Amino acid sequence: MIAPERLFLPQKKADLRQAVQRRFSCHVFSAPPSLADWASLSYLAGRYGSSDGVTLHLFRVPTSFFSGSFLSFSRITGTNAVCAVTAPANGLQDTQAGLLSEAFVLECALLGLGTCYLTGSFLRKPLPAAFSRTERVLCLIAIGQCGESPASRGKHKELNKLCQGDPDTWPVPFRQAASLVQLAPSSGGAQPFLMWADGNAFCLDSSDRTRMDLGIGICHAELALTMPHIWRFSEHRYEPMSRSLCQMEASAL
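Residues numbered from 1 in each chain as written. Predicted model: local features only at pLDDT ≥ 70, side-chain atom pairs only at ≥ 80, totals over all residues. Heavy atoms only, no water.

Trainee: Describe the nonpolar core, with residues and values.
Mentor: One finds Tyr48, Phe104, Ile141, Ile143, Met195 and Phe202 to be the most contacted residues of the largest nonpolar core, which totals 61 residues. Contact partners of Ile143, with chain neighbours within four places excluded, come to Phe29, Pro33, Leu41, Leu58, Thr79, Ala81, Cys83, Phe104, Cys108, Leu113, Gly114 and Thr115. Of all hydrophobic cores here, the second largest spans 15 residues; its members include Phe29, Phe59, Phe66 and Leu118. (Core = buried A, V, L, I, M, F, W, Y, C linked by side-chain atoms within 4.5 Å. Buried < 20%, exposed > 50% of the residue type's maximum accessible area, 1.4 Å probe, protein only. Contact = heavy atoms within 4.5 Å.)

In structure tokens:
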């Protein structure tokens, strides 16, 4: 199980916090990634994939891939680059997959590339044979040069609707973490997060059916935390990471 607090160096956190502010779900691309971008993407897929069974597979697809009727999402145009996020068929790595895939997506934003998460049910036949048939495809990520305005970014829930208690009374690090979680993408824009403060712990939860979204939220929260801390995960639910608690050193608050 990956430890979120060990995933990013301090300067990388600062860079990715800026990427959070400008990343949005892009459906219209002006061009696929360049060859130089592809080399960088390959490195990042290796950096954030292949961890505890979670793998990021990069591949090119036919131009008709995003317009087929087997895909239940809005049409994507202008790119042929896809990253498939997979995990073992019998594993419990969905939350970790969310954490790692969002790190990859934010790195794409730093490269100046647009991305779009595509979730739901996927037929395996149209996908290239780039990975084992025993793996689950948790999501696809379209990647390319963005060809539309960030103004299309969807609205986010008010922070007090995602928090238990008044976040204005929380320690500053907790408020900063909650604000970045508020900007986290989620399936269908549902934002299935619940956050609260418990002494020197920042807590983040979601339902067992939204474990990958929770991982994305954990990624955003981790980027806000610059003081010594450690993430602990509940062992009382079906998925060990379906409830997370970030324990801070009391002196840091």
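Trainee: How would you summarise helix α1 (residues 10-22) if you had to cite specific residues and measurements?
Mentor: Among all positions in α1, only Lys13, Leu16, Ala19 and Val20 are buried. Looking straight down α1, one finds its buried side chains confined to an arc of 115°; they lie on one side. Exposed positions of α1 whose direction lies more than 90 degrees from the buried face are Pro10, Gln11 and Gln18. Looking at the buried side of α1, the elements it contacts are α3 (94-110), α4 (172-182), α5 (211-224) and β8 (229-233). (Helix = DSSP H or I, 4+ residues; strand = E, 2+ residues; numbered from the N terminus. Arc of directions from axis to C-beta.)

Trainee: Describe the environment of Gly189, naming the residues involved and giving the relevant values.
Mentor: Among the secondary structure elements, Gly189 is positioned in the loop between α4 and β6 (194-198). For Gly189, a relative accessible area of 48% corresponds to the partly exposed category. Residues Gly189 and His156, spaced 33 residues apart in sequence, show a C-alpha to C-alpha distance of 7.9 Å.

Trainee: Describe in detail the packing of aromatic side chains, supporting the description with residues and values.
Mentor: One pass over the full model with this rule turns up four aromatic pairs. Measuring from centroid to centroid gives 5.9 Å for Phe174 and Phe202, while their planes differ by 50°, and the two rings are tilted. Remark: Phe202 occurs in strand β7 (residues 201-205) and Phe174 occurs in helix α4; sequence separation between them is 28 residues. Residue Phe174 is classed as buried on the basis of its relative accessible area, which comes to 0%. Judged by relative accessible area, Phe202 falls into the buried class, the value being 0%. With a centroid separation of 6.4 Å and 5° between ring planes, the pair formed by Trp231 and Phe233 is classed as stacked. Exposure remark for Trp231: the relative accessible area of 5% places this residue in the buried category. Here the aromatic residues Trp170, Phe174 and Phe202 are joined through ring pairs into a cluster of three or more. Above the ring of Trp38, the side-chain terminus of Arg60 is found at 4.1 Å from the ring centroid. (Phe/Tyr/Trp six-rings, centres within 6.5 Å; stacked < 30°, edge-to-face > 60°. Lys NZ or Arg CZ within 6 Å of the ring centre and 35° of its normal.)

So, to be careful, I would describe these as geometric facts and stop short of saying anything about function.
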